[in-house]
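# Understanding the architecture of this molecule
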Amino acid sequence: MGKLRLRQIPDQLKVIELIIQKRGPESGPLTQGSAYARARAEARRARATSPPPRDSRAHRRSLLPRSPAPRPRPSLEGLPEARTDAAMSELVPEPRPKPAVPMKPVSINSNLLGYIGIDTIIEQMRKKTMKTGFDFNIMVVGQSGLGKSTLVNTLFKSQVSRKASSWNREEKIPKTVEIKAIGHVIEEGGVKMKLTVIDTPGFGDQINNENCWEPIEKYINEQYEKFLKEEVNIARKKRIPDTRVHCCLYFISPTGHSLRPLDLEFMKHLSKVVNIIPVIAKADTMTLEEKSEFKQRVRKELEVNGIEFYPQKEFDEDLEDKTENDKIRQESMPFAVVGSDKEYQVNGKRVLGRKTPWGIIEVENLNHCEFALLRDFVIRTHLQDLKEVTHNIHYETYRAKRLNDNGGLPPGEGLLGTVLPPVPATPCPTAE
Amino acid sequence: MDKEYVGFAALPNQLHRKSVKKGFDFTLMVAGESGLGKSTLINSLFLTNLYEDRQLPEASARLTRTLTIERRGVEIEEGGIKVKLTVVDTPGFGDSVDCSDCWLPVVRFIEEQFEQYLRDESGLNRKNIQDSRVHCCLYFISPFGRGLRPLDVAFLRAVHEKVNIIPVIGKADALMPKETQALKQKIRDQLKEEEINIYQFPDCDSDEDEDFKRQDAEMKESIPFAVIGSCEVVRDGGTRPVRGRRYSWGTVEVENPHHCDFLNLRRMLVQTHLQDLKEVTHDLLYEGYRASCLQSLARPGARDRTSRSKLSRQSATEIPLPMLPLAETEKLIREKDEELRRMQEMLEKMQAQMQQSQTQGEQSDTL
């Protein structure tokens, strides 16, 4: 028991909390003394068995069901008065007899009797990810001059994309679409990300742009092929280098009328192969009304033409995802963005923006443009999902098609004559 | 002795009165990719609403659309002077995935107007020739690109010897001032490099006042004009209402010279150089076309490309100038020659008759 010390105030609060909880579900009156003692004993037990949760979010996403079967609570009769901590700890794994009165669900942050600790897996995953880091490959497609490189630099707050915007340099538009992949390692909060930005100069710039998406499609399929070859190897690497394109930002020119035929053609061909996120570039030429009208028209045109941009409706896993994604799909997308790498002073703060004689456009101000929404969407909430959809759906589609074409055999060398059982033709979610 | 006052200093007034009575006609063509603010600018320039009934097609419809030429006419009257303005629009330009040769209908259209004028001029009744030739072409360059695109260059090279080109940067509120300057410089360099002849403003006379000269120099510096169009009036509390576009971060004023070159363009197009544009079209461009047309007629069957007017400088992959088929022109000329001959004969007959009657009269007199 011991004397009360200031250090134990948090414990005290916990004790009081426990008492209040107990008072709730249990109907019978508890005497102050014994309940208090019991509660304190439990608190001590809890401290001995589990580490304090570092991140409450981890608990929210814990693997235990949200409203679990009530953890065995000490019934009024069965609990012996515990005296030592050692004795406490061996009581923990024992199941307690269920009390007669049904319990309310346990509060998330409580560490009552019966805590196993599986929810620490989140923490373990986090540590592992921090050590190994992760890959992310983003492709930018659009006519030259729409601010692609500037936007990517703004998204990742570093010079990851070589800008061809210095006017003094001789910039010849390439005759065919080129694919340029540049990799960088970015670190934040101990987490390392190997970011690859894939640029496509020459797209849509010629007089005749027939089939200018073919080099891009070819590149994406080549990355899938590379991954497939690695996967199929007998002696394969522990961590296959992932060069597959996880996300393709397609830049729409802000004409204010509608999509251009080239935009439609590109998205029709590539929405089944890669996650496309359409983005309205240089959106500072449109007033609020023009912006919302244009977005509506673009959304309608995409729908009419059967183009599914990311997040695709068919891959929503549960209701929660669906409602969240529906909101994004039907209201915010395509995001109307403005990019900038120059800082200006606004109201005493330094902000990224564009300074014009009629005002300063702040990139991260939601009243001005939707850059912050795009950034949160791509980086802060859906980054992992982008990779998963690429791996589980787009890549699997490619793989199934390839294996089918090959008569059920995996392609390439490394088999040494062994024949693996044919891969059954799985019905692809994105049926051609 | 008092200096005698002859009075022909009043000649300009007579001309003025005549032209006021006659009215002016002016044909303006606007060309460029869709979505660059062409229609809005025309409406802003002439304070009309020419495009009320326009239906914008969707992207899927534009996939298979070919370029069409649309003409819209409006009569504007100001200060007693009537201007019959025709705006020629080129919807579908630069729209499709494959835009090869999409400028050919435009070239054909311009030449058709020249042909029409040539025929009218060679005809008998020359009093009421309708001048439908294109006097000026405002070519819109995208502010989102990095200067002229291959399509822009191809179009400009196809039409620069046939029409006065004024390059314009549309939707200039996409650009910060430094970017505008850089883009203008880039475009000027590219125009020089590709040897594209845009409309050259005539140098002002040395006896004009300083102010005018300064304005003129400023105007020349600001080509291509970076314009913003708007037909909406924005009323910011406190300040007077202005035409502009209201954004969350400020309001762009169309008529503010610090915001865009709209005023310069309007002054140039409407106030100072309207007549000059017509004259250049007639004296230079039309004459060049006429010379090349007639020259190739003079040697029938010998379609010698080098004999074309020295003004035309077309690229190696040029398309044969679509002209009236030789046979038809020749026939026309022969017909006209015959008519002339007949009329001459008639004249001679009449003269002979008159002489006869005169001599008869004299005879009867003497009798």
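Keep in mind the model is a prediction, meaning the values are calculated, not measured. (Residues numbered from 1 in each chain as written. Chains lettered and ligands numbered in written order. Predicted model: local features only at pLDDT ≥ 70, side-chain atom pairs only at ≥ 80, totals over all residues. Heavy atoms only, no water.)

### Here's the deal with the overall build of chain A
Looking only at helices and strands, one finds 12 helices and nine strands in chain A. Looking at chain A as a whole, 48% of its 432 residues qualify as buried. Taking the contacts inside chain A whose residues are at least 6 apart along the sequence as the reference set, 70% of them involve residues at least 24 apart. A total of about 23100 Å² of accessible surface is found on chain A, and carbon and sulfur atoms cover 54% of it. (Helix = DSSP H or I, 4+ residues; strand = E, 2+ residues; numbered from the N terminus. Buried < 20%, exposed > 50% of the residue type's maximum accessible area, 1.4 Å probe, protein only. Contact = heavy atoms within 4.5 Å. Areas by Shrake-Rupley, 256 points an atom, 1.4 Å probe, with all protein chains shown as cover.)

### Side note on the overall build of chain B
On a plain count of helices and strands, chain B comes out with 10 helices and nine strands. Looking at the 367 residues of chain B, the share that counts as buried comes to 44%. For chain B, the proportion of contacts with a sequence separation of at least 24, taken over those separated by at least 6, is 69%. For chain B, the accessible area works out to roughly 20800 Å², and carbon and sulfur atoms hold 50% of it.

### Considerations on the interface of chain B and chain A
Listed per partner, the contact involves 47 residues of chain B and 48 residues of chain A. The junction of chain B with chain A conceals about 4200 Å² of combined surface from both sides, 58% of it contributed by carbon and sulfur atoms. The interface formed by chain B and chain A holds two salt bridges in total. Between A:Glu290 and B:Arg245 there is a salt bridge, and its shortest N-O distance comes to 2.6 Å. Taken together, chain B and chain A are joined by 11 residue pairs in polar contact (both at pLDDT 80 or more). Secondary structure elements with two or more residues in the side of chain B that touches chain A: α3 (59-62), α5 (150-159), α6 (177-193), β8 (242-247) and β9 (250-253) of chain B. No other element matches α6(B), which puts six residues into the side of chain B that touches chain A. A breakdown of the residues in the side of chain B that touches chain A according to their chemical character gives 21 nonpolar, 11 polar and 15 charged. (Buried area = accessible area lost by both parts, 1.4 Å probe. Salt bridge = Lys/Arg side-chain N within 4 Å of Asp/Glu carboxyl O. Polar contact = N/O pair within 3.5 Å; in protein donor to acceptor, adjacent residues only side chain to side chain. Nonpolar A, V, L, I, M, F, W, Y, C, P; charged D, E, K, R; others polar.)

### Structural notes on the environment of A:Ala281
Counting through the fold element by element, A:Ala281 comes out in the loop between β5 (276-280) and α9 (288-304). Each C-alpha atom of the pair A:Ala281 and A:Phe251 lies 5.7 Å from the other, and the pair is 30 residues apart in sequence.

### Digging into the sheet that holds strand β3 (residues 191-199) of chain A
Residue and element names in this part refer to chain A. Pairing is mixed in the open sheet, where six strands are placed in the order β2-β3-β1-β4-β5-β6. Of all strands in the sheet, those bounded by a partner on one side alone are β2 (180-188) and β6 (335-336). Direction of pairing for strand β1 (residues 134-141) relative to β3: parallel, over a ladder of seven bridges. Opposite methionine 139, over in β3, you have isoleucine 198 as the bridge partner. (Pairing = 2+ DSSP bridges.)

### Here we look at the side chain of B:Asn43
Residues and elements named next belong to chain B. Examined against the element boundaries, asparagine 43 turns out to sit in helix α2 (residues 38-46). Overall, asparagine 43 belongs to the buried group, its relative accessible area being 7%. Apart from the residues lying within four places of it in its own chain, the contact partners of asparagine 43 are Thr48, Asn49, Leu50, Tyr51 and Cys231.

### Some remarks on α2(B)
All names here are of chain B. Summarising burial for α2: eight of the nine residues are buried, a large majority. Within the span of α2, buried status applies to Lys38, Ser39, Leu41, Ile42, Asn43, Ser44, Leu45 and Phe46. Check the buried side of α2 and you find it contacts β1 (24-31), β2 (70-78), β3 (81-89), β4 (136-141), β8 and α8 (262-272). Leucine 47 sits one or two residues past α2 and shows a positive phi near 50°.

### Here we look at a negative patch on the surface
Taken together, the side chains of A:Glu317, A:Asp318, A:Glu320, A:Glu324 and A:Glu388 make up a negatively charged region of the molecular surface. By the secondary structure assignment, A:Asp318 is in the loop between α9 and α10 (319-332). (Patch = residues over 30% accessible without salt bridge, like charges linked within 9 Å, V, L, I, M, F, W, Y side chains within 5 Å. Lys, Arg positive; Asp, Glu negative; His and termini not counted. Charge placed at Lys NZ, Arg CZ, Asp CG, Glu CD.)

### Let's talk about the pattern of salt bridges
As enumerated under the stated definition, the model contains 39 salt bridges over all chains in all. Of the charged contacts, one joins A:Arg375 and A:Asp376 as a salt bridge, the two residues approaching to 3.5 Å between their closest N and O atoms. For B:Asp211, the salt bridge goes to B:Arg214, with nearest N and O atoms at 2.6 Å. Of the two residues, B:Asp211 and B:Arg214 are both situated in helix α7 (residues 210-221); the distance of three residues between them amounts to about one turn of the helix. With relative accessibility at 43%, the residue B:Asp211 sits in the partly exposed group.

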